Amino acid sequence: MTMADKLLPLIAGNWKMNGLKATARGLARDIAERARTTRLACDIALCPPAPLLVVVADAIEGAPVALGAQDCHPEPFGPHTGDVSAEMLADMGCRYAIVGHSERRAEHGETDALVRKKAAAAHRAGLVAIVCIGETLAERDGGKTIEIVTRQLKGSLPEAAAAANTVVAYEPVWAIGTGRTATAQQIAEVHARIRADAPPDIRILYGGSVNAKNAREILAVKNVNGALIGGASLKADDFWTIVQSVPH
Ligand code: PGA
């Protein structure tokens, strides 16, 4: 990849299990409208729950806003009740799929090996995988952050991972939904390590209680190429303030 191809930072909204048709449509239309009329310094993705993908796809049509999913199954089709394949997501208009979010690792017992298969499935379907990694509070307190993050990164990224098909999201578990963000120094330390270990030029997002107030400082940290936003992505004004906090 040459300098001319350098990817823009990515601001991705992870709506988690929130929204119904009407609210999803309103929020997505609002973001799409702002994106249409602004010179953007970043890529934008909205990742609604699977049943709302079609509603959001419709609402962002023609706008510089991409659609993303929150998970995908490793297999392309088959007897997997309740699951959704990467091919189905691509067919719905998705460009991204989040895989290995800590909530899925914790609530569904997802391992690095499974996350790697899901990322490979995303690639197979032509999607960009947003691979999430991050330590728990006990791991940080035990001085194991770098060890854990390095291990998760190695275990979760498929062979073919590259800047064009993969984004890494560093999300300390203790910072997610808690209002407690990592300090700029903590973020810089982990992102430097990921930068050293990950494929060249890959985008590294920070996630965990990013909001309209702290986004500017976080997005200015070295090796931070955007953010994965949970709670604050559910409010158009807050999400938009974060989009506009990306350094130009
Ligand atoms: P939060 O979630 O912004 O609500 O902390 C981030 C995430 O889990 O992706």
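Before going into details, it helps to say that this report is about the structure given with it.

About the thresholds
Residues numbered from 1 in each chain as written. Predicted model: local features only at pLDDT ≥ 70, side-chain atom pairs only at ≥ 80, totals over all residues. Heavy atoms only, no water. Helix = DSSP H or I, 4+ residues; strand = E, 2+ residues; numbered from the N terminus. Buried < 20%, exposed > 50% of the residue type's maximum accessible area, 1.4 Å probe, protein only. Contact = heavy atoms within 4.5 Å. Areas by Shrake-Rupley, 256 points an atom, 1.4 Å probe, with all protein chains shown as cover. Lys, Arg positive; Asp, Glu negative; His and termini not counted. Charge placed at Lys NZ, Arg CZ, Asp CG, Glu CD. Polar contact = N/O pair within 3.5 Å; in protein donor to acceptor, adjacent residues only side chain to side chain. Phe/Tyr/Trp six-rings, centres within 6.5 Å; stacked < 30°, edge-to-face > 60°. Lys NZ or Arg CZ within 6 Å of the ring centre and 35° of its normal. Near = heavy atom within 4 Å. 1 Å grid on protein atoms, 1.4 Å probe; cavity = no way out; pocket = protein on both sides within 12 Å on 5 of 7 lines; lining within 4 Å. Sits in = over half its atoms within 2 Å of the grid points. Points joined across faces, edges and corners; volume = space filled by probe spheres on them. Nonpolar A, V, L, I, M, F, W, Y, C, P; charged D, E, K, R; others polar. Pairing = 2+ DSSP bridges.

### Remarks on the overall build of the chain
Consideration 1: Assigned secondary structure in the chain consists of 10 helices and eight strands.
Consideration 2: Considering only C-alpha atoms, the chain reaches an extent of 45 × 45 × 40 Å along its principal axes.
Consideration 3: For the chain, the proportion of its 248 residues judged to be buried stands at 52%.
Consideration 4: Counted over contacts in the chain with a minimum sequence separation of 6, partners at least 24 positions apart contribute 74%.
Consideration 5: Split by element, the accessible area of the chain, about 11500 Å² in all, is 53% carbon and sulfur.
Consideration 6: A gap of 3 Å separates the mean positions of the 27 positive and 27 negative side-chain charges of the chain.

### So, the side chain of Ser-233
Consideration 1: Locating Ser-233 in the fold gives a position in the loop between strand 8 (226–229) and helix 10 (236–243).
Consideration 2: At a separation of 2.7 Å, a polar atom in the side chain of Ser-233 contacts the main-chain carbonyl oxygen of Gly-230.
Consideration 3: Beyond its immediate sequence surroundings of up to four residues, Ser-233 is in contact with Gly-13, Asn-14, Trp-15, Leu-27 and Phe-239.

### Quick word on the environment of Gly-230
Consideration 1: For Gly-230, the location among the structural elements is in the loop between strand 8 and helix 10.
Consideration 2: The class of Gly-230 is buried, set by a relative accessible area of 18%.
Consideration 3: Expressed as a C-alpha distance, the spacing of Gly-230 and Ala-12, which sit 218 residues apart in the sequence, is 8.7 Å.
Consideration 4: For Gly-230, the contacting residues outside a window of four places in its chain are Asn-14 and Lys-16.

### Section: the packing of aromatic side chains
Consideration 1: In the structure shown here, the tally under the stated rule is one aromatic pair.
Consideration 2: The cationic tip of Arg-95 hangs over the ring face of Tyr-96; the distance from NZ or CZ to the ring centre is 5.7 Å.

### Regarding the site of the ligand
Consideration 1: Neighbouring residues of the ligand: 13 residues in total, closest Lys-16, His-101, Glu-171, Gly-177 and Ser-209.
Consideration 2: Between His-101 and the ligand, the recorded distance is 2.6 Å, taken from a side-chain N or O atom to an oxygen atom.
Consideration 3: The backbone of Gly-177 places a nitrogen or oxygen atom 2.6 Å from an oxygen atom of the ligand.
Consideration 4: About the coverage of the ligand: the protein hides 95% of its 280 Å² of free accessible area.
Consideration 5: The cavity that encloses the ligand is the second largest pocket.

### Points about the layout of surface pockets
Consideration 1: Within this model, the largest pocket holds a volume of roughly 590 Å³.
Consideration 2: Around the largest pocket, the lining comprises 23 residues; the ones closest to its centre are Met-17, Gln-70, Asp-71, Arg-104 and His-108.
Consideration 3: Sorting elements by how many residues they give to the lining of the largest pocket places helix 4 (residues 102–107) first, with three residues.
Consideration 4: Class assignment for the residues of the lining of the largest pocket results in 11 nonpolar, six polar and six charged.
Consideration 5: One number sums up the size of the second largest pocket: a volume of about 240 Å³.
Consideration 6: Gly-177, Ser-209, Gly-230, Gly-231 and Ala-232 are, among the 21 residues lining the second largest pocket, the residues nearest its centre.
Consideration 7: Counted by class, the lining of the second largest pocket contains seven nonpolar, 12 polar and two charged residues.

### Description of unusual backbone geometry
Consideration 1: In this model, Ser-209 sits at a positive phi of 60°, which is unusual for a non-glycine residue.
Consideration 2: Mapped onto the fold, Ser-209 is located in the loop between strand 7 (203–207) and helix 9 (215–219).
Consideration 3: The residue Asn-223 is not glycine, and still its phi comes out positive at about 70°.
Consideration 4: Mapped onto the secondary structure, Asn-223 falls in the loop between helix 9 and strand 8.

### A few points about the pairing of strand 8
Consideration 1: Alternating positions in strand 8 separate into two faces, Gly-226 and Leu-228 on one and Ala-227 and Ile-229 on the other, with burial throughout.
Consideration 2: As paired strands, strand 1 (residues 10–14) and strand 8 are joined by four bridges and run parallel to one another. Residue pairing for strand 8: Leu-10 is matched across the bridge by Gly-226.
Consideration 3: One ladder, built from two bridges, connects strand 7 with strand 8; its direction is parallel. Bridge assignment links Gly-207 to a residue of strand 8, and that residue is Leu-228.

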